[in-house]
Amino acid sequence: MIKIKDIFQKREKNKEESFGRKILRHRLTILYRSILIIAVLAAASVVVLMQMKNRVFGGYQIVSSVEKEKLTDSVTMALGENILTYSNDGASCINKRGEALWDQPYEMQSPLINICQNVVAIGDYGGRTIYVMDTEKTLGEIDTKMPIRSFAVSGNGVVAAVLDDSANVTWIYLFDKSGKTLVYFKTTMKDSGYPICVTISENGYLVGVSYFYMDNGMMRSSVAFYNFGPVGQNEIDNFVSSYDYLDTVVPFVQFLSNDKAVAVADNRLVIFEGNQKPVSIADVLLNEEIEEVYYGNEYIALVCNDVTGKALYKVNIYNSSGKLADTVMLDMQFSDIIFHKDKMIAYNEQECVVHTIGGMDNFNGNFDKQVLTLIPMDSSYEYIAVTPDSIDTIELK
């Protein structure tokens, strides 16, 4: 016997199931459409990025220009986005509008300079005074009391200095920006070797030193790290790690960040990682003679003479993990190589090459005026070009 009540209940159930399927189909349709839109937008973004990355510029335009004082017998370089000029008689800093920020007089025979972010330290080789400045003012003056051999400055103004005592003894001192001695320790040829290069992390906690010494008539080098933060307080002389290299010299050691450092020898490139006790994470053997080393936060450029005759120089660019990211052939003399975002910029007073790492040359051309210093701006294709008598904001086009 068929019950009317059961028939209606069954119809209601079928309606509910049919309505549920419609809702499900509607939701799936919206989801598929959303996924399709996201995929199309992502693909479009990739296309735009690739077009920008591979965009080739034929020239540039001067967006703005201000006059500056023409100085002779001086060196001009970037200090952040400002312009630092120094000579044997003093140093000064101006902004891109040509406005004076500070002026520091001194008398030096062979000025040494080191920059970290917006902080610069200047001292005389063999002298006993180091000046520390940032982009706004002079921060302090350090009296080392012993002859200066080399030094490095951190982003907060801490200076690590190698000071000469005698033929067999050198000292490594840490000073704060006001000149106060923070810590020091002695090095000798017998125990550690001669310190030929020193570097300090951005926060001033880690110091790296390259030592050179002779062992039974053979050259040996070591790269040692010292921690002057809380972790290093429990270690003898704050020493936390060291790596030895036989039959080589390591003249270049540099922190790229608070937890990455690079060392370049005549036969290898070494990457160290760690913000407490740095360890070697990459050791790349080299079979080409290195002429010069340039670096940024993410990349290291090793410049070699090109032996194939295709160009003047071969530039091998490694990332901060020690992987070869690109090789660029440069057929020009250059005064500097700088890194900005994913760009390598090589230039001299008349020529410039802007190259996307892993990509192509975006610009390869000449300047209309003599360019002393080129400073990248936030945009990948906008620069401050410092000439002898002007500060020009230029944009590639």
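The rules we used
- Residues numbered from 1 in each chain as written.
- Predicted model: local features only at pLDDT ≥ 70, side-chain atom pairs only at ≥ 80, totals over all residues.
- Heavy atoms only, no water.
- Helix = DSSP H or I, 4+ residues; strand = E, 2+ residues; numbered from the N terminus.
- Buried < 20%, exposed > 50% of the residue type's maximum accessible area, 1.4 Å probe, protein only.
- Contact = heavy atoms within 4.5 Å.
- Areas by Shrake-Rupley, 256 points an atom, 1.4 Å probe, with all protein chains shown as cover.
- Pairing = 2+ DSSP bridges.
- Axes fitted to C-alpha atoms, helices over the stretch in contact; angles between N-to-C directions.
- Phe/Tyr/Trp six-rings, centres within 6.5 Å; stacked < 30°, edge-to-face > 60°.
- Salt bridge = Lys/Arg side-chain N within 4 Å of Asp/Glu carboxyl O.
- Patch = residues over 30% accessible without salt bridge, like charges linked within 9 Å, V, L, I, M, F, W, Y side chains within 5 Å.
- Lys, Arg positive; Asp, Glu negative; His and termini not counted.
- Charge placed at Lys NZ, Arg CZ, Asp CG, Glu CD.
- Polar contact = N/O pair within 3.5 Å; in protein donor to acceptor, adjacent residues only side chain to side chain.

Asker: Explain the overall build of the protein chain to me, please; I cannot follow it from the model alone.
Answerer: Helix and strand counts for the protein chain stand at one helix and 32 strands. Counting all 397 residues of the protein chain, 46% fall into the buried class. Contacts in the protein chain between residues far apart in sequence, at least 24 positions, make up 40% of those at least 6 positions apart. Accessible surface, the protein chain: about 20900 Å² in total, of which carbon and sulfur atoms supply 51%.

Asker: What is the right way to look at the sheet that holds strand 28 (residues 351-356) in this model?
Answerer: As a general point, the strands of a sheet are linked pairwise by backbone hydrogen bonds and lie either parallel or antiparallel. As summarised here, the arrangement of the four strands in space is 26-27-28-29, forming an open sheet in which the pairing is antiparallel. Taken across any chain shown, the strands that pair with only one partner, and hence form the sheet edges, are strand 26 (336-340) and strand 29 (361-366). Averaged over all pairs of adjacent strands, the angle between their axes in this sheet comes to 10°, without regard to strand direction. Inspection of the sheet shows strand 28 paired to strand 29 by five bridges, in the antiparallel sense. Each bridged residue has a counterpart across the sheet, and for Cys352 the counterpart in strand 29 is Gly365.

Asker: Would you mind going over the sheet that holds strand 6 (residues 111-116) with me for this structure?
Answerer: Strands sit in the order 6-7-8-9 across an open sheet of four strands; the sheet is antiparallel. Unpaired on one side and paired on the other, strand 6 and strand 9 (138-143) mark the two borders of the sheet. Going from strand to strand, the sheet's axes swing by 15° on average, the running direction of each strand aside. For strand 8 (residues 129-133) and strand 9, the ladder comprises five bridges, and the chain directions are antiparallel.

Asker: How should I be thinking about the packing of aromatic side chains in this particular structure?
Answerer: Think of a pair of aromatic rings as described by two things: how far the centres are apart, and how the planes are tilted against each other in angle. Under the criterion given, the structure shown has 16 aromatic pairs. Between Phe252 and Tyr295, the ring centres sit 6.0 Å apart and the planes meet at 55°, which makes this aromatic pair tilted. With Phe252 in strand 18 (residues 252-255) and Tyr295 in strand 22 (residues 292-295), this residue pair connects regions lying 43 residues apart in the sequence. An aromatic cluster of three or more residues is present, and its members are Trp171, Tyr173, Phe175 and Tyr184.

Asker: Please explain the environment of Ala160 as it appears in this structure.
Answerer: Within the secondary structure, Ala160 sits in strand 11 (residues 159-164). Measuring from C-alpha to C-alpha, the distance between Ala160 and Asp176 comes to 9.0 Å, with 16 residues separating the pair along the chain. In this view, Ala160 contacts Ser150, Phe151, Ala152, Tyr173, Leu174, Val198, Ile200 and Val207; residues no more than four positions away in its chain are not counted.

Asker: Please explain the pattern of salt bridges as it appears in this structure.
Answerer: Charged atoms that come close allow side chains of opposite charge to pair. Applying the stated criterion across every chain yields a total of 10 salt bridges. Where Arg268 meets Asp283, a salt bridge forms, and the shortest distance between an N and an O atom there is 3.0 Å. Taken together, the residues span a long stretch of sequence, with Arg268 in strand 20 (residues 268-273) and Asp283 in strand 21 (residues 279-285) at a distance of 15 residues. By relative accessible area, Asp283 is classed as partly exposed at 38%. The salt bridge involving Glu288 is made with Lys314; its shortest N-O contact spans 3.2 Å. Of this pair, Glu288 sits in the loop between strand 21 and strand 22 while Lys314 sits in strand 24 (residues 313-319), and the two are 26 residues apart along the sequence.

Asker: Honestly, a negative patch on the surface in this entry has me stumped. Any pointers?
Answerer: Taken together, Asp247, Asp266, Glu289, Glu291 and Glu292 make up a surface patch of like negative charges. Within the element layout of this structure, Asp266 appears in the loop between strand 19 (260-264) and strand 20. For Asp266, a relative accessible area of 46% translates into the label partly exposed.

Asker: For this particular structure, what's the right way to read the environment of Leu312?
Answerer: The residue Leu312 is located in the loop between strand 23 (299-305) and strand 24 in this model. Residues Leu312 and Met329 lie 17 residues apart in sequence; the distance between their C-alpha atoms is 7.6 Å. In contact with Leu312, other than residues within four places in its own chain, are Cys304, Asn305, Asp306, Leu330, Asp331, Met332 and Gln333.

Asker: Just checking my understanding: could you explain the side chain of Ser257 for this structure?
Answerer: Position of Ser257 among the secondary structure elements: in the loop between strand 18 and strand 19. A polar side-chain atom of Ser257 sits 2.9 Å from a polar atom in the side chain of Asp259. In this view, Ser257 contacts Ser201 and Glu202; residues no more than four positions away in its chain are not counted.

Asker: Would you mind going over unusual backbone geometry with me for this structure?
Answerer: Most peptide bonds take the trans configuration, and most residues that are not glycine carry a negative phi. Non-glycine residue Gln117 carries a positive phi angle of around 55°. Its location among the elements puts Gln117 in the loop between strand 6 and strand 7 (119-124). A residue is classified by how much of its surface remains accessible, and Gln117, at 46% relative accessible area, is partly exposed. Its identity as a non-glycine residue notwithstanding, Asn216 has a phi of 55°, on the positive side. Looking at the element boundaries, Asn216 is found in the loop between strand 15 (206-215) and strand 16 (218-227).

Asker: Is there a simple way to explain the side chain of Lys343 in this structure?
Answerer: Assignment of secondary structure puts Lys343 in strand 27 (residues 343-347). Only 3.3 Å separates the side chain of Lys343 from the side chain of Asn362, close enough to count as a polar contact. Here the side chain of Lys343 touches Tyr381 through a polar contact of 3.1 Å, side chain to side chain.

Asker: Even after reading the chapter, I still don't get the pairing of strand 12 (residues 169-175), so can you show me in this structure?
Answerer: The side chains of a regular strand alternate between the sheet's two faces. Of all seven residues in strand 12, seven are buried, a share of seventy percent or more. Burial along strand 12 is two-sided: the face carrying Val169, Trp171, Tyr173 and Phe175 and the face carrying Thr170, Ile172 and Leu174 are both buried. The pairing of strand 11 with strand 12 spans six bridges and is classified as antiparallel. Paired with Val162 across the bridge in strand 12 is Ile172.

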